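# Structure at a glance
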Amino acid sequence: MESLKTVMQAVAVRVVISRAYSLSMCMSLRYEPTDPYVVRAAFFADADKPVEWVLGRDLLADGLRGSAGCGDIRIWPAVGRGDEAMYIVLGSPEGTALVEVPVQDVMTFLENTEALVPRGTESGRIDWNLEVANLFAKG
């Protein structure tokens, strides 16, 4: 399997608490061609370790154009903000967070991932023999 570099990008985001109050936070996006359908988003708060969420790369891209996702992760462009921001809602049993993310940072990140692995070619990057071996090892 061809070795490709990892795409990483730090993004300054805002966690929306109310209409009048939000908190600044750093989010790190990471894409590894060996796991081509996935984007890992790590949020750095005051905790010892970042909180990491796994997002579908297609879900992130679809959220730039309109409402995408259901359940624990939902993404949509910010209405009335032009192409400035998008929202990501992350829900868990512990609570829900609304994160405002700059659109340009997400677009740049996705363009860099697609330069490595164009959309629609992801399955060719998966080591299927390894995946099958992992399934049988767990079974």
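Residues numbered from 1 in each chain as written. Predicted model: local features only at pLDDT ≥ 70, side-chain atom pairs only at ≥ 80, totals over all residues. Heavy atoms only, no water.

### Overview of the sheet that holds strand 5 (residues 68–70)
Read across the sheet, 8 strands follow the order 4-3-2-1-8-7-6-5 without closing on themselves; strand pairing throughout is antiparallel. At either end of the open sheet lies a strand with only one pairing partner, and these are strand 4 (51–56) and strand 5. Going from strand to strand, the sheet's axes swing by 30 degrees on average, the running direction of each strand aside. Bridge count for strand 2 (residues 22–31) against strand 3 (residues 38–44) is 5 bridges, and the pairing is antiparallel. Following the sheet pairing, Cys-26 is matched in strand 3 by Phe-44. (Pairing = 2+ DSSP bridges. Helix = DSSP H or I, 4+ residues; strand = E, 2+ residues; numbered from the N terminus. Axes fitted to C-alpha atoms, helices over the stretch in contact; angles between N-to-C directions.)

### Focus on a nonpolar patch on the surface
On the surface, a cluster of nonpolar side chains totalling about 290 Å² of accessible area is made up of Ile-17, Tyr-21 and Leu-23. On the secondary structure map, Leu-23 appears in strand 2. Relative accessible area serves as the criterion here: at 37%, Leu-23 is assigned to the partly exposed category. (Patch = residues over 30% accessible without salt bridge, like charges linked within 9 Å, V, L, I, M, F, W, Y side chains within 5 Å. Areas by Shrake-Rupley, 256 points an atom, 1.4 Å probe, with all protein chains shown as cover. Salt bridge = Lys/Arg side-chain N within 4 Å of Asp/Glu carboxyl O. Buried < 20%, exposed > 50% of the residue type's maximum accessible area, 1.4 Å probe, protein only.)

### A look at the pairing of strand 7 (residues 85–92)
Counting buried positions along strand 7 gives 7 out of 8 residues, so the element sits mostly inside the fold. Two strands pair when backbone bridges link them, and strand 6 (residues 73–77) and strand 7 are joined in this way by 5 bridges, in the antiparallel orientation. Opposite Ile-73, over in strand 7, you have Leu-90 as the bridge partner. By the bridge criterion, 8 bridges tie strand 7 to strand 8 (residues 95–102) in an arrangement that is antiparallel. Paired with Ser-92 across the bridge in strand 8 is Gly-95.

### Structural notes on the side chain of Gln-9
Relative to the assigned elements, Gln-9 resides in strand 1 (residues 7–16). A distance of 3.2 Å separates a polar side-chain atom of Gln-9 from the backbone oxygen of Asp-105. Other than its neighbours up to four places away in sequence, Gln-9 contacts Met-27, Ser-28, Leu-29, Asp-105, Thr-108, Phe-109 and Asn-112. (Polar contact = N/O pair within 3.5 Å; in protein donor to acceptor, adjacent residues only side chain to side chain. Contact = heavy atoms within 4.5 Å.)

### Observations concerning the packing of aromatic side chains
Here the distance between the centres and the angle between the planes together describe a pair of aromatic rings. Counted according to the given criterion, the structure contains 1 aromatic pair. Seen in terms of ring centroids, Trp-76 and Tyr-87 are 5.7 Å apart; in terms of plane orientation they differ by 45 degrees. Their pairing is tilted. Within this pair, whereas Trp-76 is found in strand 6, its partner Tyr-87 is found in strand 7, the two being separated by 11 residues in sequence. We classify Tyr-87 as buried; its relative accessible area is 18%. (Phe/Tyr/Trp six-rings, centres within 6.5 Å; stacked < 30°, edge-to-face > 60°.)

### Structural notes on the nonpolar core
Met-27, Leu-60, Leu-90 and Val-101 are the most contacted members of the largest nonpolar core, which has 28 residues in total. In terms of residues, this core owes the most to one element, helix 2 (residues 103–116), which gives 5 residues. Among residues more than four places away in sequence, those in contact with Leu-90 are Phe-43, Trp-53, Leu-55, Asp-72, Ile-73, Gly-95, Thr-96, Ala-97 and Val-99. (Core = buried A, V, L, I, M, F, W, Y, C linked by side-chain atoms within 4.5 Å.)

### Here's the deal with the pattern of salt bridges
Counting across every chain of the model gives 8 salt bridges. Within the structure, one salt-bridge network assembled from shared partners comprises Arg-30, Glu-32, Asp-35, Arg-40 and Glu-52.

None of the figures reported here should be taken as evidence of function without further support.
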